[in-house]
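# Coordinate inspection notes
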Amino acid sequence: MPIFANLAALTAKVGLERLIELTDDAGAGVVDVALAEKALAEADNIINGYIAAHYKRVDAALPIPPLLTQIAIDIAYFRLYRFSAQPEHIADAYKDACAMLKQIASGMIKIDGGEENLPVRDGAILFEGNVPIFGREQMAGF
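Please read all numbers here as calculations on a predicted model, not as lab measurements.

Criteria and thresholds
One numbering rule holds for all chains: residues counted from 1, following each sequence as written. Reporting of local features is limited, given that this is a predicted model, to residues whose pLDDT is at least 70; pairs of side-chain atoms are given and counted only at 80 or more, and all residues count toward the totals for whole chains, interfaces and linings. Water and hydrogen atoms play no part in the side-chain values, which are based on all heavy atoms of the structure. Working definition: helices are DSSP H or I runs of at least four residues, strands are E runs of at least two. Numbering for both runs from the N terminus. For every residue, the accessible area (1.4 Å probe, protein chains only) is compared with the maximum for its type, and the residue is labelled buried under 20%, exposed over 50%, or partly exposed between those bounds. The criterion used for residue contact is that any of the two residues' heavy atoms lie within 4.5 Å. By nonpolar core is meant a set of buried Ala, Val, Leu, Ile, Met, Phe, Trp, Tyr and Cys residues that side-chain atoms within 4.5 Å join together. We count a salt bridge whenever a side-chain nitrogen from Lys or Arg sits within 4 Å of a carboxyl oxygen from Asp or Glu.

### A look at the overall build of the protein
- Of regular secondary structure, the protein possesses five helices and zero strands.
- Ordered by position from the N terminus, the helices and strands of the protein form the series α-α-α-α-α.
- Taken across its 142 residues, the protein has 32% of its residues classed as buried.
- The long-range share in the protein, meaning contacts at least 24 apart out of those at least 6 apart in sequence, stands at 69%.

Encoded structure:
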């Protein structure tokens, strides 16, 4: 089961008729749920591959950042074009999604609200240093 986006979110973005066109290989006139969820799962794998550089694997029990949901939908929509070329706006949305994932992986875009909570480790040495000149708290008003 996909984590970042579900079938309802994909349907809301794409539209039911378009989703049927992209998934209904049997001509039954309904969405092939397995095929749509496969595209969403592939999007999950791509996203997890990028964000693993800075974040642990996202758990389905935690709230999913809306940015990752949008990225998952854009990637899944792109991947549903299996037998034909994607329209330019779909390909552009896919490229933008991949670019955002690269920025998340590099730390330029934070998906955790900017919190920098480090896990407590046994045997860790803790010390207090000087207050940074340029930090989140000092630059808050700028």
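### A few points about the nonpolar core
- Core analysis: the largest hydrophobic core is formed by 34 residues, its most contacted members being Leu10, Ile47, Ile51, Leu68, Ile71, Ile75 and Ile104.
- Contributions of two or more residues to this core are made by helix 1 (7-14), helix 2 (16-23), helix 3 (33-51), helix 4 (66-79) and helix 5 (88-106).
- In terms of residues, this core owes the most to one element, helix 4, which gives eight residues.

### Concerning the pattern of salt bridges
- Throughout the structure, instances matching the rule amount to five salt bridges.
- A salt bridge links Lys13 to Asp74; its shortest N-O distance comes to 3.6 Å. One end of the pair, Lys13, is in helix 1; the other, Asp74, is in helix 4, and 61 residues separate them in sequence.
- Its relative accessible area of 43% is what places Lys13 among the partly exposed residues.
- Assessed through its relative accessible area of 9%, Asp74 is described here as buried.
- Between Arg18 and Glu21 there is a salt bridge, and its shortest N-O distance comes to 2.3 Å. Of the two residues, Arg18 and Glu21 are both situated in helix 2; the distance of three residues between them amounts to about one turn of the helix.

### Describing the environment of Tyr77
- Structurally, Tyr77 can be placed in helix 4.
- You can call Tyr77 buried: its relative accessible area is 10%.
- For Tyr77 and Ala93, which are 16 residues apart along the polypeptide, the C-alpha to C-alpha distance reads 9.3 Å.
- Excluding its chain neighbours within four sequence positions, the residues that come into contact with Tyr77 are Leu10, Val14, Arg18, Leu22 and Ile90.

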